[in-house]
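Structural overview for review
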Amino acid sequence: MSGSLGDVQGSLAALYENLQTLVLLLFTDPTQLSYGQAFVLVGVSVLLVATVVWTFFGRQNGTMVFINAVLRTFGTGQTKTGAGFTPGKVYVYGPPSVKAIPSLFPFSMKLETYLRMADIPYQPVHVWSTQGPKVCAYTSCNGKIPWIEYNGEAMGDSGLILEFLNKEKDVDLNQSLSEADKAVSRAFTKMVEESTYWGLVQSRYMDNYGKLHDLFELPWTVMFLVRSVGQREIRQMMRGHGIGRHSKEEIEGIMEKDLKAISSFLGAKPYLMGDEPTEVDAAVFGQLSEIVWTAPDSYLHRIVTVDYPNLLVYCNRIKDRYWSDWDQLTKKSKKDK
Ligand SMILES: *[C@@H]1O[C@H](CO)[C@@H](O)[C@H](O)[C@H]1NC(C)=O
């Protein structure tokens, strides 16, 4: 994979050099240009313009494919599919850690926390893309972050991954729970993932857009693309979901009630369902950790740390117990190099 990527980059560099010569010629002595060369110049210009137009005004899917292609080219992605994976090992794909948190994606935090709770060894594979290798793009993967590879098979969606691994690894973090407790767990899982999650999306990608560059630690060029395309896409997603049809104040009210519900139910218990963590804690921590550690100036952060501080204590408890390598992971981020 990296070999062919190197080849591509090599030939791109050569192409770039040739183009440079041509452009120079165009401005110094255009009569020297052959018809063939002029044709190449026109062709490249058309391609460039088309790419820009397509990116900023084109269809939604096309733009995401483009962003993913850019991110994949600049990312240090490697895929294990077809290339010497260890049987039985879980490879977790997602963007690299940043200074603020091991993963900026709440569902990655959930998955990795679950893997740690269940004591399932895994290897993170860092790619800046939602698109998996071919096998993933065309079969079980659905363009979600994170996705995993297991015995050469790719799979997306943290919920489905957890179900799969529970069976495969014979894990049941809910075994101490009654049926009624399981029902409550299910309800909380769905609330944080289908409702509270969107508060983070709104706050991170809409209200505090200016802070994204620092948060994601990406080059400005990429941020520019993500901004112009990504924000529109997110707005559409939020409208499709329904939350985006509310005013900002209404959304904040919903989030306040969600977080209050978690806080009230948690009370003074160490974990949501009692003395020991269960699967729902991975899901809730996945979402809350993003609020605690990536959204310092947001109203969400105020709710979690000031209004309902047992949520902050709860997050720290899970972080201390399962993420002893937190500092090590986040220190490795680009910012500190
Ligand atoms: C544990 O509970 C969660 C809901 O919090 C549920 O989604 C999951 O399927 C349950 N896992 C098992 C192994 O029963």
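An account of the accompanying structure is given in this report. (Residues numbered from 1 in each chain as written. Predicted model: local features only at pLDDT ≥ 70, side-chain atom pairs only at ≥ 80, totals over all residues.)

Here we look at helix 13 (residues 310–322)
Helix length check: helix 13, at 13 residues, gives a terminal C-alpha distance of 18 Å against a target of 18 Å (1.5 Å per residue), a fit within 8%. For helix 13, the full list of buried residues reads L311, Y314 and I318. All buried residues of helix 13 lie within an arc of 60° about the axis, which places them on one face of the element. Exposed and oriented more than 90 degrees from the buried face of helix 13 are N316 and D320. (Helix = DSSP H or I, 4+ residues; strand = E, 2+ residues; numbered from the N terminus. Expected span 1.5 Å × (residues − 1). Buried ≥ 20, exposed ≤ 12 C-beta atoms within 10 Å, placed from the backbone. Arc of directions from axis to C-beta.)

Some details on the pairing of strand 1 (residues 90–94)
Across the five residues of strand 1, five count as buried, placing the element largely inside the fold. By the alternation rule, side chains of strand 1 split into V90, V92 and G94 and Y91 and Y93, which are all buried. Where strand 1 lies against strand 2 (residues 122–126), five bridges are found, and the strand directions are parallel. Bridging across to strand 2, Y91 finds its partner in Q123. Read as a crossover between parallel neighbours, the route from strand 1 over helix 4 (residues 106–117) to strand 2 is right-handed. Here strand 1 runs beside strand 3 (residues 147–150); their pairing, made up of four bridges, is antiparallel. For V90, the partnering residue across the bridge sits in strand 3 and is Y150. (Pairing = 2+ DSSP bridges. Right-handed = clockwise from strand over helix to strand, strands pointing away.)

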